[in-house]
Structures are given as C-alpha cells and as structure tokens.
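In case you want the letters, here they are:
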Amino acid sequence: MRDDSVVVSFQPTDIWYRDWPHGVDTSVQVQAAISGPDAANAVQEFLKSLKRDLDAEVPDGVSRYYRGGFAVAVTAPVDDGVWHIVLASAGEDGFDSVEDGADALVGALRSTPGAISLTWHELPATRIYAAPLR
C-alpha cells in the first residue's frame, strides 16, 4: 500500500483568501502538480468524475473539464513527467468550489494504488471579463 503522506490536502493560506478583489467578477484558482510512476492512472481516475468541456478555447496540450462550481484545466506531462491541474471557481461559490475540487482530486489520488506525489501552488485570483451580449 502506498504512503498517503505524499498526497496532502490543500490547505489555503490567509493570503490566498485575501487575494480576491471584492465587487468584481473574479475566479480563484489553485494548481496541483502530480508526479510519480502511477500519476497518469490517478489523474485519469479524477477526470472520470468530471465532464469534458469540448467548447472551451484552450491552448494545445490543455484539456478542460468541469463539475458543479469548479472548472479544471489539465496539462499532460511533457518532459518532466508532471501533470499540472488548475482548479478554478466557475460559479458564485468561489473558494468553496475550488476547495471542493481540491478535495475531490485528493480523494481520487489517494484511492488510486501506486506511487503518486502531489504539490499545491496557490494562484492569484483573476478578474473575469464577461463577453458582451450580441
């Protein structure tokens, strides 16, 4: 059995919570870096619980998914063997939706057998600019 200590839960800092401009539409985000010989299996297990967003405009090599109030952008490893997953709020729940997504990712990684490592990186909040109605 794998030691789950390498798959740590997301523990947001106070700075991450404060980096949210009030009064504007904002997306809060966090990035997960997943590595190890069994990372691909674990990431695929997580993605099974999501819906693929085929209409999203994303750069080459990035796949977009969503579930509930969070969106997921996945970048498969290139040279370093690390999967990068950005969890972003996609609704009004902001922090809660991202934290729910992080919990779902941790659960999927912990339930997948093998050697997996997870590192979290808090990302700055980004302002959402709505497209004008036509």
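Owing to the predicted nature of the structure, the values given are computational and were not obtained by experimental measurement. (Residues numbered from 1 in each chain as written. Predicted model: local features only at pLDDT ≥ 70, side-chain atom pairs only at ≥ 80, totals over all residues. Heavy atoms only, no water.)

Student: Can you walk me through the packing of aromatic side chains in this structure?
Tutor: Here the distance between the centres and the angle between the planes together describe a pair of aromatic rings. Tallied over the full model, the rule gives three aromatic pairs. Centroid distance Phe10 to Trp16: 5.2 Å. Interplanar angle 90 degrees. Geometry classified as edge-to-face. Taking the relative accessible area as the measure of exposure, Phe10 reaches 7% and is therefore buried. By relative accessible area, Trp16 is classed as buried at 4%. Among the aromatic residues, those joined into a cluster by ring pairs are Phe10, Trp16, Phe95 and Trp120. (Phe/Tyr/Trp six-rings, centres within 6.5 Å; stacked < 30°, edge-to-face > 60°. Buried < 20%, exposed > 50% of the residue type's maximum accessible area, 1.4 Å probe, protein only.)

Student: Is there a simple way to explain the environment of Asp25 in this structure?
Tutor: Residue position: Asp25 is located in the loop between helix H1 (14–18) and strand E1 (26–35). C-alpha separation for the pair Asp25 and Gly94, spaced 69 residues apart in sequence, amounts to 10.0 Å. Among residues more than four places away in sequence, those in contact with Asp25 are Thr126, Arg127 and Ile128. (Helix = DSSP H or I, 4+ residues; strand = E, 2+ residues; numbered from the N terminus. Contact = heavy atoms within 4.5 Å.)

Student: What exactly am I supposed to notice about the pattern of salt bridges here?
Tutor: Opposite charge on two side chains permits pairing when their charged atoms draw close. Throughout the structure, instances matching the rule amount to one salt bridge. The closest approach of N and O atoms between Glu45 and Lys48, which form a salt bridge, is 3.2 Å. Judged by relative accessible area, which is 62%, Lys48 ranks as exposed. (Salt bridge = Lys/Arg side-chain N within 4 Å of Asp/Glu carboxyl O.)

Student: For this particular structure, what's the right way to read the environment of Asp19?
Tutor: Mapped onto the fold, Asp19 is located in the loop between H1 and E1. By relative accessible area, Asp19 is classed as partly exposed at 32%. Taking the C-alpha atoms as reference, Asp19 lies 6.5 Å from Pro124; in sequence the two are 105 residues apart. Dropping the residues within four chain positions of it, Asp19 is found in contact with Leu123, Pro124 and Ala125.

Student: Is there a simple way to think about the nonpolar core in this case?
Tutor: Side chains of nonpolar character tend, in soluble globular proteins, to be buried together. Counting residues in each nonpolar core, the largest one holds 32 residues, and the members touching the most others are Ile34, Phe46, Val72, Ile85, Leu87 and Trp120. Those elements that provide at least two residues to this core are E1, helix H2 (39–47), strand E4 (70–75), strand E5 (83–89), helix H3 (95–111) and strand E6 (117–127). Examining the composition of this core, we find that eight residues originate from one element, H3, more than from any other. Discounting chain neighbours no more than four positions away, the residues touching Ile85 are Val30, Gln31, Ala32, Ile34, Val43, Phe46, Val72, Ala73, Val74 and Leu105. (Core = buried A, V, L, I, M, F, W, Y, C linked by side-chain atoms within 4.5 Å.)

Student: What should I look at first to understand the sheet that holds E6 in this one?
Tutor: Adjacent strands of a sheet pair through backbone hydrogen bonds, lying either parallel or antiparallel. If you trace the six strands from one edge of the open sheet to the other, you get E2-E3-E4-E5-E1-E6, paired in antiparallel fashion. Strand pairing shows two members of the sheet lacking a second neighbour, strand E2 (51–52) and E6, which therefore form its edges. In this sheet, E4 lies alongside strand E3 (residues 62–67) in antiparallel orientation, the contact comprising six bridges. Each bridged residue has a counterpart across the sheet, and for Arg67 the counterpart in E4 is Phe70. (Pairing = 2+ DSSP bridges.)

Student: In this structure, what is going on with the packing of H2 against H3? I would like to understand it.
Tutor: The packing of two helices is summarised by the inter-axis angle and the distance between the axes. Relative orientation of the contacting elements H2 and H3 amounts to 130 degrees, with a least axis distance of 8 Å. Between H2 and H3, the angle is such that the two are oblique. Note on packing geometry: the crossing formed by H2 with H3 is right-handed. Together, Ala42, Val43, Glu45 and Phe46 of H2 and Gly101, Ala104, Leu105, Ala108 and Leu109 of H3 make up the contact between the two elements. (Axes fitted to C-alpha atoms, helices over the stretch in contact; angles between N-to-C directions. Parallel < 35°, antiparallel > 145°, perpendicular 65-115°, else oblique. Left-handed = near helix turned anticlockwise from the far one by under 90°.)

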